[in-house]
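Breakdown of the fold
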Amino acid sequence: MTVSTRTIAVALAAAIAVAASPGPARAEAAEGLPALDGDKLAGIITGLPDDQVSAALVQIRGPAGEWAGTSGTTSLRNAAPPRPDSRFRIGSITKVFTAVVVLQLMAEKRIDLDRPIERYLPHDFPPRYPDIPVRDLLDFTSGLNSKFDVDTKDPEWFLEHRFDLVGHRDHLDTSQLPSFPPGTAQRYADIDYLMLGLLVERVTGHSWASEVHRRIIDPLHLTGTSTPADDPRIPGPHVHGYEATDDGWVDISAANPSLQWSAASMISTAPDLDRLLVALFGGRLLPAAQLEEMFTVPDVPLFGSTKDRASIGAPFTRTVFNGVTIWAKSGDRPGYNNAMASTRDLSRRLVYSVNPLHMGTSEPPAVAKAVIGATFVGQSSPAARST
């Protein structure tokens with residue numbers, strides 16, 4: 001719905017307070033990590049909403065220090081800051097759940113990562129396609145193309161199509177060959193994980209959602225996590241997402257997630273995502289060999305680049321902050337921008353969600369970048385490099 005600018009002004013005035021967890025302003029850091037500065041973190045998210053972001057939720061856990069805080073407005077009808085366990089759309093963090101299911105099936109010897117995806121899904125690929133190993137979908141080196149080559153986060157397109165129902169097999173563009181020989185370059189795209197969703201269903205005989213619940217959500221008791229299929233609603237207490245327009249804020253929280261399905265459709269909470277990180281990195285969900293697949297970055301160039309190399313595994317991105325390697329997965333849906341990140345030893349773990357008021361930008365909101373910098377570098381602007 002569209003809300004008047006006067007209503008927005010009332011919400012702005014009522015939502016200045018920051019709700020931060022009690023505890024010392026600073027926490028002792030592990031080697032290579034900065035000490036957490038609670039005052040700095042609180043200052044980063046204080047003052048929301050502003051003209052860029054309506055709300056923020058930050059949770060930092062681990063033996064290297066802990067802090068949590070929220071700021072902004074939960075919705076225009078509830079000007080209180082978000083609850084620490086508020087639900088939000090996690091976008092491409094969904095890919096972590098899909099990758100875990102695929103790698104569990106690999107451990108069960110039901111999927112061979114070196115076997116072409118065409119052998120599992122013979123009716124989805126034309127005979128003229130080259131063999132594409134399943135591994136190339138996990139690490140985004142398949143070259144597959146999607147029929148949805150439009151910017152689905154363009155405000156005009158999204159507002160017109162956000163309730164469209166898209167079938168699981170309506171994504172792959174078979175009118176053209178892969179954009180590059182499989183395994184020779186990396187290009188991040190949803191199409192790889194949408195096809196992996198079909199692979200899970202083909203191998204198990206069950207829906208992708210049921211396998212995610214049976215293998216991950218239920219055993220870990222992720223009570224705020226869901227796979228909404230084509231339900232446009234966010235169940236339970238949640239932060240609303242908005243798009244700022246000339247006429248005020250448009251509530252864009254409701255949207256049919258079928259377009260994103262096994263790549264970017266899920267809903268979760270910061271506590272649930274932290275629990276997932278601990279279980280996953282700690283070896284509870286995958287045997288050692290399969291877990292290592294998640295952190296294996298292919299030695300190939302980025303597609304279309306002559307100098308940049310791949311930095312994404314299956315599907316975590318490897319980034320080095322001042323000599324400390326961080327593994328992260330971000331998510332981005334209209335009205336929602338978030339990420340989870342951790343050291344391999346789980347000594348510092350970050351989950352954040354911010355609610356940008358302008359969809360379709362190529363960079364995360366400034367408040368998100370400042371939180372990352374304060375968490376892993378000790379300054380608001382992170383000096384990082386992907387490796």
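Placed above this text is the structure.
So, here's what we can say about the structure. (Residues numbered from 1 in each chain as written. Predicted model: local features only at pLDDT ≥ 70, side-chain atom pairs only at ≥ 80, totals over all residues. Heavy atoms only, no water.)

**Description of the packing of aromatic side chains**
For clarity, the cut-off: Note on aromatic pairs: the rings of Phe, Tyr and Trp (six-membered ring only in Trp) are paired at centre separations within 6.5 Å, and the planes decide the class, stacked below 30 degrees, edge-to-face beyond 60, tilted for the rest. Numbering of helices and strands starts at the N terminus; helices are DSSP runs of H or I of at least 4 residues and strands are runs of E of at least 2. Relative accessibility decides the category of a residue: with a 1.4 Å probe and only protein chains considered, values under 20% of the type maximum give buried, values over 50% give exposed, and everything between is partly exposed. For a lysine, the NZ atom is tested; for an arginine, the CZ atom; a charge sits over a ring if that atom is within 6 Å of the ring centre and within 35 degrees of the ring normal.
Scanning the model with the defined rule gives 11 aromatic pairs in all. With a centroid separation of 5.0 Å and 35 degrees between ring planes, the pair formed by Phe-180 and Phe-303 is classed as tilted. Separated by 123 residues along the polypeptide, Phe-180 in the loop between α6 (155–161) and α7 (190–204) and Phe-303 in the loop between α11 (288–294) and β11 (317–321) bring together distant segments of the chain. For Phe-303, a relative accessible area of 39% gives the class partly exposed. Grouped by ring-pair contacts, the aromatic residues Phe-281, Phe-295, Phe-316 and Trp-327 constitute a single cluster. Residue placement shows Arg-187 over the ring face of Phe-303; its charged tip is 5.3 Å from the ring centre. Its end group placed over the ring of Phe-295, Arg-344 keeps NZ or CZ at 3.9 Å from the ring centre.

**Things to note about the pairing of strand β14 (residues 349–356)**
Selection rule: We call two strands paired when DSSP finds no fewer than two bridges between them.
Of all 8 residues in β14, 8 are buried, a share of seventy percent or more. Along β14, one buried face is formed by Arg-349, Val-351, Ser-353 and Asn-355 and the opposite face, lined by Leu-350, Tyr-352, Val-354 and Pro-356, is buried too. The pairing of strand β13 (residues 336–342) with β14 spans 6 bridges and is antiparallel. What sits directly across from Met-340, in β14, is Val-351. Connecting β13 to the antiparallel partner β14 that follows it, the hairpin turn spans 6 residues, and Leu-346 within it adopts a positive phi of roughly 65 degrees.

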